[in-house]
2 protein chains.
Amino acid sequence: MDTINNKVDGKGRVSLPSDYRAIVKELSSEIVCYRSLSLPCIEGCLEETLDKLASDIETSTDFFSETQDNLTNLIFGDAKRFAFDSTGRITLTEKLLKHAQITNEAVFVGKGRKFQIWNPENWEKEEARIRADALKNRPSLRTKEID
Amino acid sequence: MDTINNKVDGKGRVSLPSDYRAIVKELSSEIVCYRSLSLPCIEGCLEETLDKLASDIETSTDFFSETQDNLTNLIFGDAKRFAFDSTGRITLTEKLLKHAQITNEAVFVGKGRKFQIWNPENWEKEEARIRADALKNRPSLRTKEID
DNA sequence: ACAACATTTATGGTATATCATGGGATTTTG
DNA sequence: CAAAATCCCATGATATACCATAAATGTTGT
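Residues numbered from 1 in each chain as written. Chains lettered and ligands numbered in written order. Predicted model: local features only at pLDDT ≥ 70, side-chain atom pairs only at ≥ 80, totals over all residues. Heavy atoms only, no water.

(A) Molecular detail of the overall build of chain A. Along the backbone of chain A there are six helices and eight strands. In chain A, the succession of helices and strands from N to C terminus is β-β-α-β-β-α-α-β-β-α-β-β-α-α. For chain A, the exposed area adds up to about 8,200 Å²; of that, 49% sits on carbon and sulfur atoms. (Helix = DSSP H or I, 4+ residues; strand = E, 2+ residues; numbered from the N terminus. Areas by Shrake-Rupley, 256 points an atom, 1.4 Å probe, with all protein chains shown as cover.)

Shown next, in the form of structure tokens:
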């Protein structure tokens, strides 16, 4: 949960927000990150979340499962484990930082079982887009009691 | 549940009304708050309410769905856990206070499974608006009240 | 009914622990 | 051996826990 802005130093080091860390630490000591398929951001989650995704798709009878299978392969090929050090930081790779256009600052955005890491300006725009979109679809949101 | 007016100090601390606290404490020791999507107020609920919503979304769309991505970003990106201290207070964030235009005082308004936190003046206007709206949409009520 | 007392609640202030972040030391790798 | 990646320590900032007072509410006894 939550959106948090942290600094990224010259080595690509960035603190995983403490709230995130607390949750991760209950289950593991590392996370998995990969380039988002559709957005200019980094996605992160626990390894077990990716594993679950893979098995879900394997057993799926969905007509489009072949497409999803390809997408899954893309993610697995890209994904890399990141352990956090004693002060709670991970060091992101050039490939990931470049994809998300991150230099000095990174915004962590909670997504429940996953999270995203954004360039601050890009996230600002994306958030505005999402909120506008959600307002347009407000009737369906209402039934789900978001607002 | 009635509406309760409490002070907000310089740190953003505010007492959760005792009635609210009693209900929350039966189930948890913390609440979740987020900016209302359409109104200038803060909304609060139990975490399980958001979790339920998230699982609803997960089962209704697939892992790669853009709609799901947007919704989960909107919900979990904005929401934050707030534990209350030994005296029953939570400390609201700048983002939330700014959205609701709250400075010194905050009004708690019960909404069943949720509640809202308002700037007192804004709530006064909103309540008037709601009452006027109710009358307009129920002419039959009006005639009965006149008689 | 009223007074005296007790308990819960709200609020202000201060101390403490935690977190984010910079710099440097140490290890690994090619 | 050089370059890079990883680990460890120091510090300032921030948030959290703790204590102390004040107000409101509730309770008891006469």
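(B) Examining the pattern of salt bridges more closely. Per the counting criterion, the structure on display carries 21 salt bridges over all chains. For Asp2 of chain A, the salt bridge identified is with Lys80 of chain B, shortest N-O distance 3.7 Å. Of this pair, Asp2 of chain A sits in the segment before β1 (3-7) while Lys80 of chain B sits in strand β5 (residues 80-83), on two different chains. Overlapping salt bridges bring together Glu127 and Arg131 of chain A together with Arg35, Asp78 and Lys95 of chain B as one network. (Salt bridge = Lys/Arg side-chain N within 4 Å of Asp/Glu carboxyl O.)

(C) How the structure looks around the protein's contact with DNA strand C. Neighbouring DNA strand C are 24 residues, the closest being Lys11 and Arg13 of chain A together with Lys11, Arg13 and Arg89 of chain B. Counting only the atoms of DNA strand C that lie within 4 Å of the protein, the sugar and phosphate share comes to 46%. Contact distances for DNA strand C include 2.5 Å between a base oxygen and a side-chain N or O atom of Lys11 of chain B. Mapped by element, the contributors of at least two residues to the surface near DNA strand C are β1, β2 (13-15) and α1 (18-27) of chain A together with β1 (4-7), β2 (13-15) and α1 (18-27) of chain B. (Near = heavy atom within 4 Å. Polar contact = N/O pair within 3.5 Å; in protein donor to acceptor, adjacent residues only side chain to side chain.)

(D) Representation of the packing of helix α5 (residues 120-136) of chain A against helix α3 (residues 66-78) of chain B within the structure. The interhelical angle for the contact between α5 of chain A and α3 of chain B, taken along N-to-C directions, is 110 degrees, at an axis separation of 10 Å. The orientation of α5 of chain A with respect to α3 of chain B, classified from their angle, is roughly perpendicular. Across the interface between the two elements, Trp123, Glu126, Glu127, Arg129, Ile130, Arg131, Asp133 and Ala134 of chain A from α5 of chain A touch Glu66, Asn70, Asn73, Leu74 and Asp78 of chain B from α3 of chain B. (Axes fitted to C-alpha atoms, helices over the stretch in contact; angles between N-to-C directions. Parallel < 35°, antiparallel > 145°, perpendicular 65-115°, else oblique. Contact = heavy atoms within 4.5 Å.)

(E) Seen up close, the environment of Arg21 of chain B. All names here are of chain B. Tracing the sequence through the fold places Arg21 in helix α1. Owing to a relative accessible area of 22%, Arg21 belongs among the partly exposed residues under this scheme. Along the primary structure Arg21 and Phe84 are separated by 63 residues, whereas in three dimensions their C-alpha atoms are 8.9 Å apart. Contact partners of Arg21, with chain neighbours within four places excluded, come to Leu16, Phe84, Thr87 and Gly88. In terms of polar contacts, Arg21 uses its side chain to reach the backbone carbonyl oxygen of Leu16, at 2.8 Å. (Buried < 20%, exposed > 50% of the residue type's maximum accessible area, 1.4 Å probe, protein only.)

(F) Molecular detail of the sheet that holds strand β4 (residues 42-45) of chain A. Residue and element names in this part refer to chain A. Read from one edge of the open sheet, six strands run β1-β7-β8-β4-β3-β5, paired in antiparallel fashion. Because the sheet does not close on itself, it has two edges, and the strands there are β1 and β5 (80-83). Direction aside, neighbouring strands of the sheet carry axes that sit 30 degrees apart on average. The pairing of strand β7 (residues 105-111) with strand β8 (residues 114-118) spans five bridges and is classified as antiparallel. By the bridge assignment, Val109 is partnered in β8 with Gln116. On the sheet, α1 packs against β3 (30-35), β7 and β8 and is oriented at approximately 55 degrees with respect to β7. (Pairing = 2+ DSSP bridges.)

(G) Up close: the interface of chain A and chain B. At the junction of the two partners, chain A supplies 34 residues and chain B supplies 33 residues. A combined buried area of about 3,000 Å² lies between chain A and chain B, and 56% of that area is made up of carbon and sulfur atoms. Our count for the contact surface shared by chain A and chain B stands at three salt bridges. Taken together, chain A and chain B are joined by eight residue pairs in polar contact (both at pLDDT 80 or more). Contributions of two or more residues to the side of chain A that touches chain B are made by α1, α2 (47-59), α3 (65-78), β7, β8, α5 and α6 (138-143) of chain A. With nine residues, α5 of chain A is the single largest residue contributor to the side of chain A that touches chain B. Residue composition of the side of chain A that touches chain B, grouped by class: 14 nonpolar, six polar and 14 charged. (Buried area = accessible area lost by both parts, 1.4 Å probe. Nonpolar A, V, L, I, M, F, W, Y, C, P; charged D, E, K, R; others polar.)

(H) Spatial organisation of the protein's contact with DNA strand D. As a structural note, the neighbourhood of DNA strand D is formed by Lys11, Arg13, Thr87, Arg89 and Thr91 of chain A together with Arg13, Thr87 and Thr91 of chain B. When atoms of DNA strand D within 4 Å of the protein are split into backbone and base, the sugar-phosphate part holds 25%. For DNA strand D, a base nitrogen lies 3.0 Å from a polar atom in the side chain of Arg13 of chain A. For DNA strand D, a phosphate oxygen lies 3.3 Å from a polar atom in the side chain of Thr91 of chain A. Grouping the amino acids of the surface near DNA strand D by side-chain chemistry returns no nonpolar, four polar and four charged.

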